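Here's the letter readout for the chains.
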Amino acid sequence: MTVETGRLPAEGVRAMFDRIAPVYDAMNRAMTLGLDQRWRRATVAAVVAHGDRVLDACCGTGDLALAAEWAGGRVTGVDFSERMLDRARRKSTAVEWVRGDALALPFEDGAFDAATVGFGVRNLDDLERGLAELRRVLRPGGRLGVLEITRPRGLLAPFYRLWFDGLVPLLGKLLPGGSAYTYLPASVRRFPGPEELAELLRTAGFSDVDYRLFAGGIVALHTGVAS
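Nothing here was measured: the structure is a model prediction, and the numbers come from that model.

(A) Quick look at helix α6 (residues 127-137). By the burial criterion, the buried members of α6 are L127, G130, L131, E133, L134, R135 and V137. Contacts from the buried residues of α6 go to β1 (53-57), β4 (112-118), β5 (138-149), α9 (194-203), β6 (206-214) and β7 (219-226).

Okay, structure coming up:
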C-alpha cells in the first residue's frame with residue numbers, strides 16, 4: 001500500500017490528513033476552482049430536511065457539516081483526524097464534533113435521519129463495510145448523500161488528466177504533506193465508477209439509489225434511502 005497506488009492503511013490515511021489539515025481548505029478551493037462549496041450545498045439540499053438529526057461522516061474540516069447546520073440540521077461530524085477536527089471546531093460550536101472511525105461508527109442503530117459524506121468514502125480501507133455502517137446508523141427511510149470525485153469521460157477527460165494527474169501532484173509538492181496530492185489522483189483511479197458505486201449502495205441496503213454528475217463528470221453525488 002503506497003500513495004502511488006491510491007491505497008493506504010487506516011493509520012497512513014490518518015497521518016496524511018493530519019499533515020495536510022493546515023492547507024486542506026485552500027487546496028479544495030484551488031482544485032475545484034471554488035465549486036466544492038456549491039457541490040456541498042447541493043448534497044445537503046438533496047438529503048437534509050430542517051430539524052433532521054444529521055451525521056456527516058469523514059467530516060474533515062467541517063464544510064459539509066456546516067452546510068447541513070445552515071439547512072437546519074442537528075449535526076454530528078465524525079472524523080478520525082484530530083487535526084482536521086481542530087479546524088472544524090473553529091468553524092462551529094453548534095455541530096457536535098466527534099473523533100471516530102467511519103468503519104465502526106460510535107452511534108446506535110437508526111440514530112440519524114440523514115447522513116452525508118463529502119470526498120471521504122474513497123479513503124475507507126473497506127468501502128463495503130463503511131457503506132453498511134452508514135446504513136446501520138440511519139433510521140429506515142433515512143437519506144444518504146455521498147459526494148465523491150470520479151473519472152469523467154468525453155471532452156473533459158484530457159483536461160482532467162492534465163489537471164488532476166499532473167498539476168495537482170506538482171502543486172502538492174510545494175505544500176506540507178505533499179504526498180497526499182499524489183495519493184489523491186491515484187485513489188480516484190482505483191475507486192469504483194458511478195454505476196458500480198450505485199450498485200454497492202444497493203447491496204448495502206439502500207433503495208431509490210440515484211446519482212448526478214457535476215462539472216462534466218468530475219464529481220458525482222449519489223443519493224439513496226435506507227431500506
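Once you've had a look at it, read on.
(B) Just the packing of aromatic side chains, in detail. The tally for this structure, following the rule as stated, stands at three aromatic pairs. Considering the side-chain rings of W39 and F214, the 6.4 Å spacing of their centres and the 20 degrees angle between planes classify their relative orientation as stacked. Linking W39 in helix α3 (residues 36-47) with F214 in strand β6, this pair joins segments that are 175 residues apart in sequence. Classification of F214 by relative accessible area gives buried; the value is 10%. Here the aromatic rings of F107 and F112 are separated by 5.1 Å at their centres, their planes lie at 90 degrees, and the arrangement is edge-to-face.

(C) Focus on the layout of surface pockets. Of the volumes computed, that of the second largest pocket is approximately 410 Å³. Of all elements in the fold, only α1 (10-20), α2 (24-32), β1, α4 (63-70) and β2 (74-79) reach the threshold of two or more residues within the lining of the second largest pocket. Among the elements that take part in the lining of the second largest pocket, α1 stands out by supplying three residues, more than any other. Here the lining of the second largest pocket is built from residues that sort into 16 nonpolar, seven polar and seven charged.

Cut-offs applied
- Residues numbered from 1 in each chain as written.
- Predicted model: local features only at pLDDT ≥ 70, side-chain atom pairs only at ≥ 80, totals over all residues.
- Heavy atoms only, no water.
- Buried < 20%, exposed > 50% of the residue type's maximum accessible area, 1.4 Å probe, protein only.
- Helix = DSSP H or I, 4+ residues; strand = E, 2+ residues; numbered from the N terminus.
- Contact = heavy atoms within 4.5 Å.
- Phe/Tyr/Trp six-rings, centres within 6.5 Å; stacked < 30°, edge-to-face > 60°.
- 1 Å grid on protein atoms, 1.4 Å probe; cavity = no way out; pocket = protein on both sides within 12 Å on 5 of 7 lines; lining within 4 Å.
- Points joined across faces, edges and corners; volume = space filled by probe spheres on them.
- Nonpolar A, V, L, I, M, F, W, Y, C, P; charged D, E, K, R; others polar.

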